[in-house]
Amino acid sequence: MSDPTTADPTITSSSSSPILPRITIQFCTQCKWMLRAAYFAQELLSTFSTALGEVALQPATGGVFIVEIVYQEEEGGQVGVTKKSVVLWDRKVDGGFPETKELKRRVRDVVWPGKGLGHVDRDYGGKKEKEDVEEKKEEEGKVEEGKSCKVDEKCENCE
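Not measured: the values here are computed from a predicted model.

**Considering the nonpolar core**
Okay, step 1: Judged by nonpolar contacts, the single largest core of 21 residues is most densely connected at Ile23, Ile25, Phe65 and Val67.
Okay, step 2: At 5 residues, the largest contribution of residues to this core is made by helix α1 (residues 34-48).
Okay, step 3: Apart from the residues within four sequence positions on either side, Val67 is in contact with Ile23, Thr24, Ile25, Val86, Val87, Leu88, Trp89 and Leu103.

Here's what the structure looks like:
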């Protein structure tokens, strides 16, 4: 067992300022939303790993579920001149809980603008995107001229 009075000096004390950006997920303990808050924390840490300084879970009451980020904004080329705080999601304002991809988009827009989020960024809701996906599927499904499919029934490309 280690003696708490001889703690590792490299570990910062709780009185020191947190490493930014810092995300706080405030959740209602009466509503039992701790697991949901922990899930969002895990997702954010998995996606942004070293781009985030800290993700904190903050127990509260009264039906709150608020995700807030504190970060340093660049001004005139200098980093850390101004500390900013932005509420990324408030259950009462935004209506319910965020989808994971929406929360990740909002965090990304603050801490790492321009970073791609892979499948999270793909939006198949628009007509153009659907057409592009369908066109790509058609291209992949075509059989080169002179070759046949390796199935018993011939497809329209082989006829």
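This is not the end of the story, as more comes after the structure.
**Examining the packing of α1 against helix α3 (residues 100-111)**
Okay, step 1: Taken N-terminus to C-terminus, the directions of α1 and α3 make an angle of 50°; their axes are 11 Å apart at the nearest point. By the angle between their directions, the pair α1 and α3 is classed as oblique. At the point where α1 passes α3, the crossing takes the right-handed sense. In this structure, α1 contributes Tyr39, Phe40, Glu43, Leu44, Thr47 and Phe48 to the contact, and α3 contributes Thr100, Leu103, Lys104, Val107, Arg108 and Val111.

**Considering α1**
Okay, step 1: With 15 residues, α1 should cover 21 Å at 1.5 Å per step; its first-to-last C-alpha distance of 21 Å lies within 8% of that length.
Okay, step 2: If you check which residues of α1 are buried, you get Ala37, Phe40, Ala41, Glu43, Leu44 and Phe48. Each buried residue of α1 lies within a common arc of 165° when the element is viewed along its axis, so the set occupies one face. Summarising the geometry of α1, the exposed residues directed more than 90 degrees from the buried face are Leu35 and Ser46.
Okay, step 3: At the C-terminal side of α1, Ser49 shows a positive phi close to 20°.

Definitions and cut-offs
Residue positions are given per chain, counting from 1 as you read along its sequence in written order. Owing to the predicted nature of the model, reporting of local features is limited to residues with pLDDT of at least 70; listing and counting of side-chain atom pairs is limited to 80 or more, with chain, interface and lining totals taken over all residues. With hydrogens and water excluded, all non-hydrogen atoms of the structure serve as input to the side-chain values. Working definition of a nonpolar core: buried Ala, Val, Leu, Ile, Met, Phe, Trp, Tyr and Cys residues. They are joined through side-chain atoms within 4.5 Å. In this scheme, a residue with accessible area under 20% of its type's maximum is buried, one over 50% is exposed, and one in between is partly exposed, where area comes from a 1.4 Å probe on protein chains only. Numbering of helices and strands runs from the N terminus; a helix is a DSSP stretch of H or I covering at least four residues, while a strand is a stretch of E covering at least two. Contacts are residue-level and defined by heavy atoms, with any inter-residue pair within 4.5 Å sufficient. As a rule, the C-alpha atoms of each element are fitted with a line to give its axis, helices using only the stretch in contact, and angles between N-to-C directions run from 0 to 180 degrees. In what follows, roughly perpendicular refers to angles from 65 to 115 degrees, roughly parallel to angles under 35, roughly antiparallel to angles over 145, and oblique to any angle outside these ranges. Whether a crossing is left-handed or right-handed is set by the direction in which the near helix is turned from the far one by less than a right angle, anticlockwise for left-handed and clockwise for right-handed. To estimate how far a helix should reach, multiply one less than its number of residues by 1.5 Å. The directions considered for the arc are those from the helix axis to the C-beta atoms.

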